[in-house]
Structures are given as C-alpha cells and as structure tokens.
Amino acid sequence: MRRAFSVLTAAMLVGALIPAAASADNPIPPTATTGDVTARTQTTATLGGTLNASGAPATYVFEYGTSASYGLVTPVRDGGTTALDKTVTEPLLGLTQGTTYHYRIVVTNPAGVVSGLDKTFKTVTAPTAALVTTNAASGVGVTEATLQGTLNPRGQSTSYHFDFGLTGTYGSSTPVVTATGSTARNVSAIVTGLLPNTTYHFRLAANNASGPSLGKDRVLRTTSAPTGITLTATPTAAIWGASVSLHGVVSGSGVGGIGLAAERTDFPFTGTPLVLRTFTTNASGAYATSVGPFLITGRVRVVTRTATVASSPSVDIGVRPRVSLGVVGPRRTSVRLRGSVSPTFTAATASIQRRARSGRWTTVLRTKVHTGAGALTSTYSARIKRPSRTARYRVVVVPNDGGAHLRGTSKQQPRIKAKR
C-alpha cells in the first residue's frame, strides 16, 4: 500500500514538470524569425523568413514599408502545423528604385501572433550616365598643356577621354582610359604639339552603358616664346609735351598678336618703370605705337606681357624745352626780343643767336630765364642792337638742371631788318 502511494506521487510530480503536448485544446505560440532578402532589383525583391507552427495550424505574412511602421502587407500564407522550423519566402513587386524598405515576418496560430525582428533592404538604383566636369587646364606652355576634369563613373565601367582642337568642333582626342567606382575623382591628360600663342577648345567626354556624358567646353591659350625685341624711337630728342613713335620687331615662337608694354623710367632713371601704353604685335611680330607726353628726359623700353618675358634695349629720350621767340617794339637802333620757355626753370639761360651768311649761328647776347611765383612757364627778355644788315635770329635755352632736359631752340626765327 505504501509502495503504491509512492509510485503514484512520483508520477504526479513528473507530470507537473513535463509540459503538456500541444493540442487543439492546449496550443503553443509559434516562433518567427525574419530572414534575408534575395533577388533585389530596381523594383522587386524576395523576402525570407523562418517559422515554427508549434504543432498548431499557422499562417504568416510579411509586413513591409519605407519606415518601421510598415503600412503594407503580403497575402496571408499557410504555415502548416509542423513543430519543426520551416523556411518561407515572399516576392515583392512594384517597389521604388534606390529606396530603403523595412520588413518583418508575422506568424499566427491559435495561441497568438508572433513577429520577427525588423530588418531593412535597399532596392537597386538604376544605372546612370557618368558625371563629368571640364576643369581649367594647367601647365599651359608654348606647345603643351595638361587638360583636367572631374569624373564620377556612378558605379559603372566608364571610358573617358578629352576632346580638343582649334574650334568647338574639336577634331583631336586624347587616348581612351577606363575607370570604375561611385565617387568623383580628378582626371587629366597631357597634350603636346600645340601651336604657340594659340587658343584651343577642350572638354572631358565619358561613356558607359547608360550613354555618353560631355563636359562643358573650355578654352586655353598656349604661351609664346619671345627671344628678343628691337626698338627704334623717333625722335630721340622730343619737344616738351610731345610724343615719340616706337617701332620694332619681336623675335621668337608664337609672337604674332602677343601683348607688349612700353615702359619709361624718368630722369635720374631710378624707381619703378611707368607703363606708358599696352599694345600688341601684328601677325608677323612687328609693332608700332606712340607714347607721351614727355615732360622730362626718360629711358624707354618695350617688354612682352607673356609668361616668358623678353625686353628691348633701353633708349634714352631727351626732352627739349618749348621755346617761343617774338620781336617787340623795334626801335631805330635796337630791338627787344622776348618769349616763353616751358617748363619752368630756375637756373636756365637764354642765348640770343644771329645767323651769318655762312649759315653759322653766333651768340650775340646771353640773358637769364625768369620764373615768377606760381608761373607755369618761364620768360626771358633781351634788347639787342639792330644789325647793320638784315639777319635772322633765334634763342637757345640751356636748362642747367643736371641733365633732366636738353637745350631748347626756338622754332621761330624772325628776320630783323638792318638799321637805317
């Protein structure tokens, strides 16, 4: 009796510890595991998952959408009744390319509803043409340049090259190069054999499975290679306030149409040269221009405005005062001569000269040149005896300013009649 009781008690304890088997009256909740996505395209994907019906009739669906709130659900599918893990899949259609989606599996049986963990996937982005940008050229020289650009293959095998030529229709290309990847990178190509001092058009061109891509047209100008400049100035002694003509030829490569500058350094020839004028050569490299006004003796040269600089020898342009001469109130035995001198001087002298029959000029009188306070010009005045025979006169002004100005001679040479 005692033994029978013990066996019964033990059996009851074991029964309490072992769960009751699933049955229609005692179902067990299912399990659900969200799996991976396969067969992704631009608009489709196949969702995967694993479920266990736990011995009771089960169904499953997949929830999906562009956020963790989902919003879309697949049709209800039969999950069976097995107590073993079962792998299931569900194809999705009509998705948006390049978009991130959330999804999970949801399994239901009589014991309840169980959801798998949230997962995400991204649909494939449609292939696009390469992105290209033509950048400024570098290393531009006399006959060569480095063409530059930026290229993004956008995930596709992409070939690229540079088109270049004298016009926007190009005509020449660099060798083709292949690139891959999804990030922008700098690309370049060196071109040689170009013409000096010439404008070229160029662009970056690329092509992949999605079609061609063309960068915008840009231009570069090759440099010239001047080696020297000749310079002739006319006159080399200018009247105060006048201009001087310059002409010469630039030698070297590509010197047709290049920029030049005429520079002057004023007496005493120190300090930074002053740019008088900029101009260009003709097609053969020759030039002609005029510069001025000259107010003080200056040193002139012509230089190229190019990467490779050439300059002419310097030419000194002396400046003569502008001198006038007039006859005032002639008397029987004397004549007064007077005039003005530009610019003003403080120590200048004026020599009254008479022309002999031989043509030689002889000084008959010297006088000082006077400058009044605030005056813009100097003046002189002198009375001479009337000649015994009719003669011509002139005035020579010596500035005495250390070389800033040359001697000046009056243009007027009045004829003074002999005394009666």
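Reading guide: rules and limits
Residues numbered from 1 in each chain as written. Predicted model: local features only at pLDDT ≥ 70, side-chain atom pairs only at ≥ 80, totals over all residues. Heavy atoms only, no water. Helix = DSSP H or I, 4+ residues; strand = E, 2+ residues; numbered from the N terminus. Rg over C-alpha atoms; globule rule 2.2 N^0.38 Å. Buried < 20%, exposed > 50% of the residue type's maximum accessible area, 1.4 Å probe, protein only. Areas by Shrake-Rupley, 256 points an atom, 1.4 Å probe, with all protein chains shown as cover. Lys, Arg positive; Asp, Glu negative; His and termini not counted. Charge placed at Lys NZ, Arg CZ, Asp CG, Glu CD. Contact = heavy atoms within 4.5 Å. Polar contact = N/O pair within 3.5 Å; in protein donor to acceptor, adjacent residues only side chain to side chain. Pairing = 2+ DSSP bridges. Axes fitted to C-alpha atoms, helices over the stretch in contact; angles between N-to-C directions. pLDDT = per-residue confidence, 0-100. Phe/Tyr/Trp six-rings, centres within 6.5 Å; stacked < 30°, edge-to-face > 60°. Lys NZ or Arg CZ within 6 Å of the ring centre and 35° of its normal. Salt bridge = Lys/Arg side-chain N within 4 Å of Asp/Glu carboxyl O.

## Considering the overall build of the protein chain
When its secondary structure is counted, the protein chain shows 1 helix and 36 strands. Over its C-alpha atoms the protein chain spans a radius of gyration of 51 Å, topping by over 25% the 22 Å that the globule rule assigns to 420 residues. Sorting the 420 residues of the protein chain into buried and exposed places 38% on the buried side. When the accessible surface of the protein chain is split by element, carbon and sulfur atoms take 53% of a total near 22700 Å². For the protein chain, the separation between the mean place of its 43 positive charges and that of its 14 negative charges on side chains is 49 Å.

## Observations concerning the environment of T34
Tracing the sequence through the fold places T34 in strand β1 (residues 31-38). Leave out the neighbours within four places in its chain, and T34 touches G48, G49, Y103, R104, I105, G116, L117 and K119. Within the local environment of T34, its side chain forms a polar contact with the backbone nitrogen of I105, the two atoms lying 3.4 Å apart. At 2.7 Å, the side chain of T34 forms a polar contact with the backbone oxygen of L117.

## A short note on the environment of L147
Looking at the element boundaries, L147 is found in strand β11 (residues 145-152). The class for L147 is buried, based on a relative accessible area of 1%. Distance in space between the C-alpha atoms of L147 and A137 is 4.7 Å, their sequence separation being 10 residues. Among residues more than four places away in sequence, those in contact with L147 are A137, F162, F164, V187, S188, A189, V191, F202 and L220.

## Concerning the sheet that holds strand β21 (residues 237-239)
With mixed pairing, the 5 strands of this open sheet are ordered in space as β21-β27-β26-β23-β24. Two strands lie at the open edges of the sheet, namely β21 and β24 (274-280), each paired on one side alone. With strand direction ignored, the average angle separating the axes of adjacent strands in the sheet is 30 degrees. Pairing geometry for strand β23 (residues 259-266) and strand β26 (residues 298-304), over 7 bridges, is antiparallel.

## Here's the deal with the sheet that holds strand β15 (residues 185-191)
Ordered in space as β10-β11-β15, the 3 strands form an open sheet in which the pairing is antiparallel. In the strand order of this sheet, the two ends are held by β10 (131-138) and β15, each with one partner. Averaged over all adjacent pairs, the angle separating strand axes in this sheet is 25 degrees, with direction ignored. Here 7 bridges tie β11 to β15, and the two strands are oriented antiparallel to one another.

## Section: the confidence of the model for the protein chain
Of all residues in the protein chain, 94% attain a pLDDT of 70 or more, and the chain-wide mean is 91. Under a pLDDT of 50 for its full length, residues 1-20 has, in the predicted model, 1 contact with residues more than four places off or in other chains.

## Observations regarding the packing of aromatic side chains
Tallied over the entire structure, the rule returns 5 aromatic pairs. Taken together, a centroid distance of 5.7 Å and an interplanar angle of 85 degrees make the contact between F267 and F269 edge-to-face. Relative to Y287, the ring of F279 has its centre 5.7 Å away and its plane inclined at 40 degrees; by these criteria the two rings are tilted. Here F279 and Y287 have matching classes, each one buried. Its end group placed over the ring of F294, R264 keeps NZ or CZ at 5.2 Å from the ring centre.

## As for the pattern of salt bridges
One pass over the structure, following the stated rule, counts 7 salt bridges. We note a salt bridge from R77 to E90, for which the minimum N-O separation is 2.8 Å. With R77 in strand β5 (residues 77-80) and E90 in strand β6 (residues 86-92), the pair connects residues that are 13 residues apart, well separated along the chain. Residue R77 is classed as partly exposed on the basis of its relative accessible area, which comes to 33%.

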